[in-house]
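Now for the letters of each chain:
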Amino acid sequence: MTPLRLAVIIGSTREGRTGDRVARWFVDQADRHDDLSVTVVDLGDYDFPTSYPAEPTASVRAFVGEVGRADAFVVVTPEYNHSFPASLKQAIDYAYDEWQAKPVGFVSYGCRSTGLHAVDQLRTVFTALHAMTVRDVVGIDLLHGDPTPPHVDQLRQDTRVLLDQLRWWGLTLRDGREARPYVS
Ligand SMILES: Cc1cc2nc3c(=O)[nH]c(=O)nc-3n(C[C@H](O)[C@H](O)[C@H](O)COP(=O)(O)O)c2cc1C
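Just so you know, these numbers come straight off a predicted model, no measurement behind them.

Moving on: the pattern of salt bridges. For the coordinates displayed, the defined rule picks out 11 salt bridges. Of the charged contacts, one joins aspartate 28 and arginine 32 as a salt bridge, the two residues approaching to 2.8 Å between their closest N and O atoms. Across the salt bridge formed by glutamate 66 and arginine 69, the nearest N and O atoms sit 3.8 Å from each other. Pair noted here: glutamate 66 and arginine 69 are both in helix α2 (residues 58–69), with a separation of three residues, about one helical turn.

Right under this line is the structure:
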């Protein structure tokens, strides 16, 4: 079977961000699963325009292409003022059809919170895009340190649960998209 193509989107582009370290830790876990083909989509690598362009720029097309190729997503998001960062919303809005009938999971983090406010708001956004958000989240409170003991065992377990749900939805929806056109 063709491995499930999982795109891990790093949502923070902040200078000195923690997001790349959180994403690296997660990708290291996900890469241990032979049935997943993991790609990192780092929003910090894209030179997006400051205003929403009338015609997609090369960087917008490149991002949309990555979304279109993926079967499933993990969005790595911090919490900023009880929401998710603007960099993430900017990128999400560039694609539409490419998100449809695909599952989205979350690795979220914050200071004192584990980023669940950000995740709740992202669920609303992805519902508007006909994407399917999976129930369980890997949530990290950075005040407990990055993914390091003693929390690492729990986070690894949470990662297994997230990947199991993404795999089920990802394979099921991939078959569904192949069998019949989506009804958006
Ligand atoms: C503008 C801003 C707002 C923040 N608001 C929250 C918040 O509401 N809840 C929280 O738990 N942490 C909050 N934090 C802490 C961030 O989650 C933490 O700094 C995290 O490292 C940010 O992700 P990044 O380093 O990948 O950009 C905030 C940080 C920033 C920069």
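With that settled, consider the nonpolar core. Grouped together as the largest cluster of nonpolar side chains are 29 residues, with contacts concentrated most on Phe63, Trp99 and Phe126. Ranked by the residues each element gives to this core, the list is headed by helix α4 (residues 116–128), at five residues. With near-sequence residues (within four places) excluded, phenylalanine 63 lies in contact with Val41, Leu43, Tyr46, Phe48, Ala91, Ile92, Tyr94 and Trp99. The next biggest cluster of nonpolar side chains, apart from the first, holds 25 residues, and it includes Val8, Leu36, Val74 and Leu162.

A few words on the packing of aromatic side chains. Summed over the entire model, instances satisfying the criterion amount to 10 aromatic pairs. With a centroid separation of 5.8 Å and an interplanar angle of 85 degrees, the aromatic rings of phenylalanine 48 and phenylalanine 63 are classed as edge-to-face. One end of the pair, phenylalanine 48, is in the loop between β2 (36–42) and α2; the other, phenylalanine 63, is in helix α2, with 15 residues separating them in the sequence. Like phenylalanine 48, the residue phenylalanine 63 is buried in the burial classification. Measuring from centroid to centroid gives 6.3 Å for phenylalanine 106 and phenylalanine 126, while their planes differ by 50 degrees, and the two rings are tilted. Here phenylalanine 126 lies in helix α4 and phenylalanine 106 lies in strand β4 (residues 103–110), a separation of 20 residues in the sequence. Within the aromatic cluster, the residues linked to one another by ring pairs are Tyr46, Phe48, Tyr52, Phe63, Phe73, Tyr94, Trp99, Phe106 and Phe126.

Between its first and last C-alpha, helix α1 (residues 19–30) extends 16 Å over 12 residues, near the 16 Å set by a 1.5 Å rise per residue. When α1 is considered as a whole, its buried residues turn out to be Gly19, Val22, Ala23, Trp25, Phe26, Val27, Gln29 and Ala30. Those residues of α1 that are buried are in contact with β1 (4–10), β2, β3 (72–78), β4, β6 (138–141) and α5 (152–179).

Among the structural elements, threonine 159 can be located in helix α5. For threonine 159, a relative accessible area of 2% gives the class buried.

Rules and cut-offs
Counting of residues starts from 1 at the beginning of each chain's written sequence and follows it residue by residue. This being a predicted model, a pLDDT of at least 70 is required before a residue's local features are given, and a value of 80 or more before pairs of side-chain atoms are given or counted; all residues contribute to the totals for chains, interfaces and linings. As a rule here, side-chain values come from all non-hydrogen atoms in the structure, and water together with hydrogens is ignored. For salt bridges, the criterion is a side-chain nitrogen of Lys or Arg within 4 Å of an Asp or Glu carboxyl oxygen. Numbered from the N terminus, helices here are DSSP runs of H or I no shorter than four residues, and strands are runs of E no shorter than two. Buried residues of nine kinds, namely Ala, Val, Leu, Ile, Met, Phe, Trp, Tyr and Cys, make up a nonpolar core once their side-chain atoms join them within 4.5 Å. Working definition: with a 1.4 Å probe on protein chains only, accessible area under 20% of the residue-type maximum means buried, over 50% means exposed, and in between means partly exposed. What makes two residues a contact is simply this: any of their non-hydrogen atoms within 4.5 Å. Here the aromatic set is Phe, Tyr and Trp, taking the six-membered ring for Trp, and pairing holds for ring centres within 6.5 Å; pairs whose planes are under 30 degrees apart are stacked, those over 60 apart are edge-to-face, and all others are tilted. Each helix should span, by expectation, one fewer than its residue count multiplied by 1.5 Å.

Read these as spatial facts, not as claims about activity.
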